[in-house]
Amino acid sequence: MNNHFKLAVNTSIYDGYDLETVFSSIKKCGFDYFELAYNQGYVGNLNQDLFSEENAKYVNSLKHKYNLDTFALGCTMDLSTDNLFDIFSPRLKFANLIGAKYINVCTTKLENKSKLIDNLKSLKPLLEKNNCVLCIENAGDYNFNAFVDLNDALEILNQLDRKFYAINFDPGNMVTYDKTLNVIEQSLMSIKYCQHFHIKDVIVEDNKFKFLPIGDGIIDYHKIVKELKNNNIGCSLEIPLRIYRELDSTPKRLSNKVDIDLIESTLIKSREYISNIIFEK
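Given the structure is predicted, the values throughout are model-derived calculations rather than measurements.

**Re the packing of helix H1 (residues 19-28) against helix H2 (residues 53-66)**
Where H1 contacts H2, the axes come no closer than 10 Å and their chain directions differ by 30°. The angle between the axes of H1 and H2 places the two elements in the roughly parallel class. Along this stretch, H1 crosses H2, giving a crossing that reads as right-handed. Residues Leu 19, Glu 20, Phe 23, Ser 24 and Lys 27 of H1 form the contact with H2, whose own contacting residues are Tyr 58, Val 59, Leu 62, Lys 63, Lys 65 and Tyr 66. Its residues assigned to classes, the contact of H1 with H2 shows six nonpolar, one polar and four charged.

**Overview of the sheet that holds strand E11 (residues 243-246)**
Ordered by their spatial adjacency, four strands build an open sheet running E8-E9-E11-E12, and the pairing between neighbours is antiparallel. Each edge of the open sheet is held by one strand with a lone partner, namely strand E8 (201-205) and strand E12 (251-253). Strand-to-strand twist across the sheet, computed as the mean angle between neighbouring axes with direction ignored, equals 35°. Relative to strand E9 (residues 208-212), E8 runs antiparallel, the two sharing five bridges. By the bridge assignment, Glu 205 is partnered in E9 with Lys 208.

**Examining the side chain of Asn 138**
Within the secondary structure layout, Asn 138 lies in the loop between strand E5 (133-137) and helix H6 (150-157). A distance of 2.8 Å separates the side chain of Asn 138 from the backbone nitrogen of Asp 170, its partner in a polar contact. In this view, Asn 138 contacts Cys 106, Phe 147, Val 148, Asn 168, Phe 169, Asp 170, Asn 173 and Met 174; residues no more than four positions away in its chain are not counted.

**Some words on the sheet that holds strand E3 (residues 69-74)**
Taken in spatial order, the eight strands of this closed barrel run E1-E2-E3-E4-E5-E6-E7-E10, and their pairing is parallel. Across this sheet, the average inter-strand angle for adjacent strands is 30°, counted without regard to direction. Relative to strand E2 (residues 33-37), strand E1 (residues 7-10) runs parallel, the two sharing three bridges. By the bridge assignment, Ala 8 is partnered in E2 with Tyr 33. Relative to strand E10 (residues 234-237), helix H10 (residues 260-279) is tilted by about 145°, and along the sheet it contacts E1, strand E7 (194-199) and E10.

**A short note on unusual backbone geometry**
With phi around 55°, Asn 131 is a residue other than glycine that occupies positive phi space. Topologically, Asn 131 is positioned in the loop between helix H5 (124-129) and E5.

**Details of the pairing of E2**
Counted residue by residue, E2 has four buried out of five residues, so it is predominantly covered. On the question of chirality, the crossover connecting E1 to the parallel E2 by way of H1 is right-handed. Bridge count between E2 and E3: five bridges; the pairing is parallel. Each bridged residue has a counterpart across the sheet, and for Leu 36 the counterpart in E3 is Leu 73.

**Considering the pattern of salt bridges**
Tallying each qualifying case throughout the model produces 17 salt bridges. For the salt bridge of Glu 205 with Lys 210, the shortest nitrogen-to-oxygen distance reads 3.4 Å. The exposure class assigned to Glu 205 is partly exposed, which follows from its relative accessible area of 36%. The exposure class of Lys 210 is partly exposed, given its relative accessible area of 26%. In this structure, the salt-bridge partner of Lys 252 is Glu 246, at a minimum N-O distance of 3.3 Å. Residue classification places Lys 252 among the partly exposed positions, given a relative accessible area of 34%.

**Details of the pairing of strand E4 (residues 102-105)**
Both faces of E4 are covered, namely the face carrying Tyr 102 and Asn 104 and the face carrying Ile 103 and Val 105. In this sheet, E4 lies alongside E3 in parallel orientation, the contact comprising three bridges. Across the sheet, residue Leu 73 finds its bridge partner in E4, namely Ile 103. Regarding the hand of the β-α-β motif, the stretch spanning E3, helix H3 (residues 84-98) and E4 is right-handed. With four bridges connecting them, E4 and E5 associate as parallel partners. Directly across from Val 105, in E5, lies its bridge partner Ile 136.

**Description of H6**
Of all eight residues making up H6, six are buried, and the element is well covered by its neighbours. In this structure, the buried residues of H6 make contact with helix H4 (113-122), E5, strand E6 (165-169) and helix H8 (183-190).

Rules used in this analysis
- Residues numbered from 1 in each chain as written.
- Predicted model: local features only at pLDDT ≥ 70, side-chain atom pairs only at ≥ 80, totals over all residues.
- Heavy atoms only, no water.
- Axes fitted to C-alpha atoms, helices over the stretch in contact; angles between N-to-C directions.
- Helix = DSSP H or I, 4+ residues; strand = E, 2+ residues; numbered from the N terminus.
- Parallel < 35°, antiparallel > 145°, perpendicular 65-115°, else oblique.
- Left-handed = near helix turned anticlockwise from the far one by under 90°.
- Contact = heavy atoms within 4.5 Å.
- Nonpolar A, V, L, I, M, F, W, Y, C, P; charged D, E, K, R; others polar.
- Pairing = 2+ DSSP bridges.
- Polar contact = N/O pair within 3.5 Å; in protein donor to acceptor, adjacent residues only side chain to side chain.
- Buried < 20%, exposed > 50% of the residue type's maximum accessible area, 1.4 Å probe, protein only.
- Right-handed = clockwise from strand over helix to strand, strands pointing away.
- Salt bridge = Lys/Arg side-chain N within 4 Å of Asp/Glu carboxyl O.

Below is the structure:
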């Protein structure tokens, strides 16, 4: 993306494809950045080996081959889990090795907020050591409803060192969790606290929330994208085509991977929509 707007592709859209195919396709679609989606419950084949030094070397070799770069890594899991320090240590080392500064994570259930905050505080030495910022993301489903609106996030962030903790806001998540909230207003207010932003669009079809090209859904991104550009916030297109959500926000994953032609047309259409906003007079 030109004009100093950094836009990555979150690899959840390619769920089921090998990494070389993914990187080749991202470049083919006109992007220079990727965000690996190593998110528990949202992509297949998630295991600890993904966070190994060997895999970091492989990722870096493909970065070089396809002239791509990264600034963020998706690592969603329940952050109230016991032993989070030990679980996140290889994740953050891996992020540092591939050059991803921003670690995007959803939170936990509301009743576990106290444990969440204690766990987040415990990660500070790891974040400092690996030059990372942990960016908490608003809930897309009820498993992560400790952060639903901006006030929830600020209640958490106010107990943390802002040098190492921030927000990764996702308007599409807000719609699927609580469509009564003013998603445009919430998005714009969140940006001053963001160090990363997920761009996702959604519609209600067949009594389900479905994800689709940016600009084809119910979220008007014009003001949001302009404000992101003005504040130099890095973003990624997170369009998990293999996932849909029930009307109660329950996520469901389709059994078959999405056709590569549909993935690429979705990404190109989304890039063009955002580019038109960036360059409109």
